[in-house]
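Here's the letter readout for the chains.
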Amino acid sequence: MFLPFFEALRRGGIPVSLREYLAFLEGLSAGLTTYDIDGFYYFARTAMVKDERHLDRFDRAFAAAFAGLEAIPPEAVLDAVDLPSGWLEKLAEKLLTPAERAEIKALGGFDALMQALRDRLAEQKGRHQGGNKWIGTAGTSPFGAFGYNPEGVRIGQDGSRHQRAVKVWDKREFRDFDDTIELGTRNIKIALKRLRQWARHGADEELDLPGTIRASAEAGYIDIRTRPERHNAVKVVLFLDVGGSMDAHVRLVEELFSAAKSEFKHLEHYYFHNCLYEAVWRNNHRRWDETTPTWQVLNRYGADYKCIFVGDAAMSPYEVSHPGGANEHWNAEAGAVWLNRARAQWPAHVWLNPTPEGDWRYTQSTQMIREVFEDRMYPLTLEGITRAMKVLG
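The paragraphs below set out a description of the structure included in this document. Everything numeric here is computed off the predicted structure, so don't read it as measured data.

**What to know about the overall build of the protein**
Looking only at helices and strands, the protein has 16 helices and 13 strands in total. Looking at the protein as a whole, 41% of its 393 residues are labelled buried. Across the protein, the fraction of contacts at a sequence separation of at least 24, relative to all contacts at a separation of at least 6, is 63%. Total accessible area computed for the protein in this model is approximately 22,400 Å², and 53% of it derives from carbon and sulfur atoms.

Here's what the structure looks like:
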């Protein structure tokens, strides 16, 4: 059924191969995207497009191939396909009141529930808004979930949508960045090479070919010579912001992390969330149990280390300026205090920001951290990394 889509891509000038098309079908068969047009679009683009120059062509071909799909009414989808019961029950929770669900359950169970859901989808013509006072959902209350308030406490929500909460009630778990990512890291490695300071010391581990040839010619027999292995003598301590608004930049940060792991023999990394405070961690799965005091990190690595912070600097301004302003815990000292301590310990320091440089002026916290770092904030692009490496070098 997706063959016309494949043909539309070829007609649109996108060099998509049969192998990529088969990989696309395999992903669909594995259930990577189901009942989600946005997820389907991004998955198809990832599988079919290998050059960013073809993104505009893909959008035009996608629109032509699936024109009219958005006009299919939801009740027709319910009748046409066998949707998972868990998905339907979740949708019913949003559209039916507890009293209605209890009444339907007493009358006929799941089948009656699904019929009521179809009726509700047919009746509802607009979006319902929540309240502005109580703890709830989809409103403007400063306490709750799935709503909007300029500043509030998020309760009972699995992920951030507007990045406006100044506190998060729920305990969240983050995933470590993957340091084995190879795709797209080559150009980043080239930019990081500007920071290289090559040195030779240690055990003789590398064949000295010119020395062996010269010594063999002088001795009249093969005289093997070795020399210390050449490696990058630069020492780097890397602080990585993880979770929240950084979820949108995971792939880019993973590419940087992977490149740094391969380029720098002396690399130490730690995670933080939003801003630097009294503790950091190495393993996100154990970040509530196995943290490292920031003072210990400051005292462990000398001033000869290069310090690199990676984060979007997007947070509540209180997280930078006020004690107790941290997103997920009560911090005794403001984030700016800890950032200044890090800058004092490692004079060679920069902050790499994955958001476009032109957007920084619209976020107050980004401007505050940029001032703390005395404008040593650079975009996480090849050009930005090159500028940062010149400053560190």
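Okay, back to it.
**Section: the nonpolar core**
Formed by 30 residues in total, the largest nonpolar core has its most connected members in F239, F309, L339, W346, W351 and I369. If one sorts the elements of this core by residue count, helix α14 (residues 335–345) sits on top with four residues. Not counting residues within four places of it along the chain, the set of residues in contact with F239 comprises Y270, F272, L276, V280, V297, C307, I308, F309, V310 and W346. Among the nonpolar cores identified, the runner-up in size contains 25 residues, and V253, L267, I308 and M389 belong to it.

**Topic: the packing of helix α3 (residues 37–48) against helix α4 (residues 55–65)**
Look at α3 against α4: their axes get within 11 Å of each other, and the N-to-C directions meet at 130°. Classified by the angle their axes make, α3 and α4 are oblique. Two packed elements cross with a definite hand, and for α3 against α4 that hand is right-handed. Across from I37, F40, Y41, A44, R45 and M48 in α3, the residues of α4 making contact are L55, F58, D59 and F62. For the contact of α3 with α4, the per-class residue count stands at eight nonpolar, no polar and two charged.

**Notes on the pairing of strand β7 (residues 235–241)**
For β7, the tally of buried residues reaches six of seven residues, placing the bulk of the element in the interior. Relative to strand β8 (residues 266–272), β7 runs parallel, the two sharing seven bridges. Within β8, the residue paired with L240 across the bridge is Y271. Since β7 and β8 lie parallel, the crossover through helix α11 (residues 250–263) that links them has a hand, and here it is right-handed. Pairing geometry for β7 and strand β11 (residues 306–310), over five bridges, is parallel. In the sheet register, V237 faces β11, and the bridge partner there is C307.

**Observations concerning the side chain of T386**
Relative to the assigned elements, T386 resides in helix α16 (residues 382–392). One polar contact links the side chain of T386 to the main-chain carbonyl oxygen of L382, over a distance of 2.8 Å.

**A word on the environment of A65**
Counting through the fold element by element, A65 comes out in helix α4. Sequence separation between A65 and E7 is 58 residues; the distance between their C-alpha atoms is 9.2 Å. Residues within four places of A65 in sequence aside, it is in contact with F5 and A8.

**Re the pairing of β11**
Counted residue by residue, β11 has five buried out of five residues, so it is predominantly covered. Judged by which residues are buried, β11 turns out to be covered on both faces: K306, I308 and V310 on one side and C307 and F309 on the other are all buried. Bridge count for β11 against strand β12 (residues 349–353) is four bridges, and the pairing is parallel. Bridged to C307 within β12 is H349.

**Here we look at a nonpolar patch on the surface**
A cluster of nonpolar side chains, L207, L209, I213, I222 and I224, forms an exposed patch at the surface whose accessible area comes to about 540 Å². By secondary structure assignment, the location of L207 is in strand β5 (residues 198–207).

**Some words on the packing of aromatic side chains**
Per the stated rule, a full pass over the model turns up 25 aromatic pairs. Ring centres of F6 and Y21 lie 4.7 Å apart, and the angle between their planes is 35°; this geometry places the pair in the tilted category. On the criterion of sequence distance, the pair formed by F6 in helix α1 (residues 3–11) and Y21 in helix α2 (residues 18–29) is long-range, its members being 15 residues apart. An aromatic cluster of at least three residues, connected via ring pairs, comprises F2, F5, F6, Y21, F24, F40, Y41, Y42, F43, F58 and F62. The ring of Y270 carries R282 above its face, with NZ or CZ at 4.3 Å from the centroid. Here the guanidinium or amino end of R341 rests over the ring plane of W338, the centre of that ring lying 4.5 Å away.

**Concerning α4**
Looking at α4, one finds that the buried residues are F58, A61 and F62. The buried residues of α4 occupy an angular sector of 100° when projected down its axis, which confines them to one face. If you follow the buried residues of α4, they end up packed against α1 and α3.

**Here's the deal with α1**
Those residues of α1 not exposed but buried are F5, F6, A8 and L9. Buried residues of α1 fall within an arc of 160° about the axis and therefore sit on the same side. On its buried face, α1 sits against α2, α3 and α4. Just past α1, the residue G13 takes up positive phi, approximately 90°.

**Brief notes about the side chain of D208**
Topologically, D208 is positioned in the loop between β5 and α10 (209–219). What D208 contacts, discounting residues up to four positions off in sequence, is R225, T226 and R227.

Rules and cut-offs
Residues numbered from 1 in each chain as written. Predicted model: local features only at pLDDT ≥ 70, side-chain atom pairs only at ≥ 80, totals over all residues. Heavy atoms only, no water. Helix = DSSP H or I, 4+ residues; strand = E, 2+ residues; numbered from the N terminus. Buried < 20%, exposed > 50% of the residue type's maximum accessible area, 1.4 Å probe, protein only. Contact = heavy atoms within 4.5 Å. Areas by Shrake-Rupley, 256 points an atom, 1.4 Å probe, with all protein chains shown as cover. Core = buried A, V, L, I, M, F, W, Y, C linked by side-chain atoms within 4.5 Å. Axes fitted to C-alpha atoms, helices over the stretch in contact; angles between N-to-C directions. Parallel < 35°, antiparallel > 145°, perpendicular 65-115°, else oblique. Left-handed = near helix turned anticlockwise from the far one by under 90°. Nonpolar A, V, L, I, M, F, W, Y, C, P; charged D, E, K, R; others polar. Pairing = 2+ DSSP bridges. Right-handed = clockwise from strand over helix to strand, strands pointing away. Polar contact = N/O pair within 3.5 Å; in protein donor to acceptor, adjacent residues only side chain to side chain. Patch = residues over 30% accessible without salt bridge, like charges linked within 9 Å, V, L, I, M, F, W, Y side chains within 5 Å. Salt bridge = Lys/Arg side-chain N within 4 Å of Asp/Glu carboxyl O. Phe/Tyr/Trp six-rings, centres within 6.5 Å; stacked < 30°, edge-to-face > 60°. Lys NZ or Arg CZ within 6 Å of the ring centre and 35° of its normal. Arc of directions from axis to C-beta.

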